[in-house]
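Chain by chain, the residues run as shown.
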Amino acid sequence: MTPTRDIERLVEIMARLRDPERGCPWDVQQTFATIAPYTIEEAYEVADAIERGDLDDLRDELGDLLLQVVFHARMAEEAGVFGFGDVVLAINEKLVRRHPHVFGDLEGADPQAVKRLWASIKAEEKKARAARRKAQGLPPEPPAGALDGVPGALPALGRAVKLQERAARVGFDWPDARQVLDKIEEEVAELRAELDAGDPARLADEVGDLLFAVANLARHAGVDPETALAGTNGKFTRRFAHIEAQLAHAGRGPHDASLEEMEALWQEAKADERR
C-alpha cells in the first residue's frame, strides 16, 4: 500500500462523485448540514467496533469516518474555502504546536504540566485567530465565556460533563462526590413531587436536572457516564434476551408471562453473570 497515492485516489473519487454532470445525484445534492449527521453516526460506529473488539470492522469504520472528512473537505473546496490538503496541513501544524515537549525544546513535562501548557497554547491560538479576523476586516468575536466551545451537538450526557468541567475550572463545582450525592437526593425528592403534580413540562425539567446531577457524580467518580450507560444497556440487553430465551423454551413470549415470572428470570440471568 502507498498511503500518499491512496489518499490522492480517495480525494479524486470524492471529486468525481460530486461532479455535477458525471457524479452521483445523491452525493451532488448533499451539503455540510445534510452530511453532518452521517459524520456523527460514523464516529459512533468507530466507537462501537472498538467496544466489540472487532479490529477488522474497526478498519472499515475508520475508512467510513475518513470518507466524511474527505466529503466535507471537497464541499469546502468547491466553495473556494479550503481543501483536503489544508485540513491535513492544519492538523499537522496544530499537533506540533501543541506538543513542544515532544517536538520542541521543552523536556521533562509531567501530565499536569502538559495540561497547563495545552491551555496556554490554546489561549495563544485564540489571540492569533482574533488577529487574523481583524486583518481580514471581520468583526471581533464576542468575549469568550467559561462554557464557550462546548459543541451543542455532543451527546447530552457527554456535553453535561464538558460543561461541568468548564465550570469547575473557574471554581463552580462541588468539593467532593458525596455532596453531589446529596444533590441527587434533592433532585429525586423534587422529581417525586412533580410525579404527584403531573405537569409534563415540569416533570421533564426535573428528570433533566436529575440526569445532569448523575453525570456530575460520574465525573467526580472518574467514570465516563456515556460508557457506563452503554455498559448497562448491554447488560440489560443480555438479561432480557435470557428472559426471552427461557420463555421461548416453554413455547411462550414475554407478553404471555407475568412481571413476577420475568423478574425471577431476570434474577436468574443476573446470578449466572456472577458465576
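Quantities reported herein were computed from a predicted structural model and do not represent experimental measurements.

Procedures and definitions
- Residue positions within a chain follow its written sequence, with the count starting from 1.
- Restriction of local features to residues with pLDDT of at least 70 applies here, the model being predicted, together with a cutoff of 80 or more for giving and counting side-chain atom pairs; totals for whole chains, interfaces and linings are based on all residues.
- Note: side-chain values were computed over all heavy atoms of the structure, leaving out hydrogens and water.
- The helix and strand labels rest on DSSP assignments: H or I over at least four residues marks a helix, E over at least two residues marks a strand, and numbering proceeds from the N terminus.
- All radius of gyration figures rest on C-alpha atoms, and the globule criterion is 2.2 Å times the number of residues raised to 0.38.
- Think of it in three bands: residues with accessible area under 20% of the maximum for their type are buried, residues over 50% are exposed, and the middle band is partly exposed, with areas taken using a 1.4 Å probe on protein chains only.
- Whether two residues are in contact is decided by their heavy atoms: any pair within 4.5 Å suffices.
- Accessible areas in this description were obtained via Shrake-Rupley with a 1.4 Å probe; residue shielding takes into account the shown protein chains only.
- For this count, His and the chain ends are skipped, Lys and Arg are scored as positive, and Asp and Glu as negative.
- Note on charges: their place is set at NZ of Lys, CZ of Arg, CG of Asp or CD of Glu.
- Here is the rule: rings of Phe, Tyr and Trp (six-membered ring for Trp) pair when centre to centre is within 6.5 Å. Planes less than 30 degrees apart are stacked, more than 60 are edge-to-face, and the remainder are tilted.
- Fitting a line to C-alpha atoms yields each axis, with helices limited to the stretch in contact; the angle taken between N-to-C directions then spans 0 to 180 degrees.
- By definition in this entry, angles of less than 35 degrees are roughly parallel, angles greater than 145 are roughly antiparallel, angles of 65 to 115 are roughly perpendicular, and the rest are oblique.
- Handedness of a crossing is defined here by the sense of rotation of the near helix relative to the far one, left-handed for an anticlockwise turn of less than a right angle and right-handed for a clockwise turn.
- Note on residue classes: Ala, Val, Leu, Ile, Met, Phe, Trp, Tyr, Cys and Pro are nonpolar, Asp, Glu, Lys and Arg are charged, and everything else, Gly too, is polar.
- Any Lys or Arg side-chain nitrogen located within 4 Å of an Asp or Glu carboxyl oxygen qualifies as a salt bridge.

(A) Quick peek at the overall build of the chain. The helix and strand inventory of the chain stands at twelve helices and zero strands. Starting at the N terminus and ending at the C terminus, the chain contains elements arranged as α-α-α-α-α-α-α-α-α-α-α-α. Relative to a compact globule of 275 residues, whose C-alpha radius of gyration would be 19 Å, the chain shows 25 Å and is clearly more extended. Principal axes of the C-alpha set define a box for the chain whose edges measure 70 × 50 × 45 Å. Expressed as a percentage of its 275 residues, the buried residues of the chain come to 20%. In the chain, once contacts between residues fewer than 6 apart in sequence are set aside, the share between residues at least 24 apart is 48%. In the structure as shown, the chain presents an accessible area of about 19200 Å², 59% of it carried by carbon and sulfur atoms. The positive charge centre, built from 36 side chains, and the negative charge centre, built from 52, are 6 Å apart in the chain.

(B) Looking closely at the packing of aromatic side chains. Considering all chains together, one arrives at three aromatic pairs under this definition. Ring geometry for F236 versus F240: centroids 6.1 Å apart, planes at 10°, classification stacked. Of this pair, F236 and F240 are both found in helix α11 (residues 225–249), four residues apart, which corresponds to roughly one turn of the helix. Taking relative accessible area as the criterion, F236 reaches 49% and is therefore assigned partly exposed. Relative accessible area serves as the criterion here: at 29%, F240 is assigned to the partly exposed category. Seen in terms of ring centroids, F236 and W266 are 5.3 Å apart; in terms of plane orientation they differ by 55°. Their pairing is tilted. In this pair, F236 sits in helix α11 while W266 sits in helix α12 (residues 259–274), placing the two residues 30 residues apart along the sequence.

(C) Representation of the packing of helix α8 (residues 156–169) against helix α10 (residues 200–220). Running from amino to carboxyl end, α8 crosses α10 at an angle of 65°, the nearest separation of the two axes being 9 Å. Judged on the interaxial angle alone, α10 and α8 are roughly perpendicular. Of the two elements, α8 crosses α10, and the hand of that crossing is right-handed. Residues L157, A160, V161, Q164, E165 and A168 of α8 form the contact with α10, whose own contacting residues are L211, F212, A215, N216 and R219. When its residues are assigned to classes, the contact of α8 with α10 shows seven nonpolar, two polar and two charged.

(D) Summary view of the pattern of salt bridges. Tallying each qualifying case throughout the model produces 21 salt bridges. For E12, the salt bridge goes to R5, with nearest N and O atoms at 3.2 Å. Look at E12 and you get partly exposed, because its relative accessible area is 37%.

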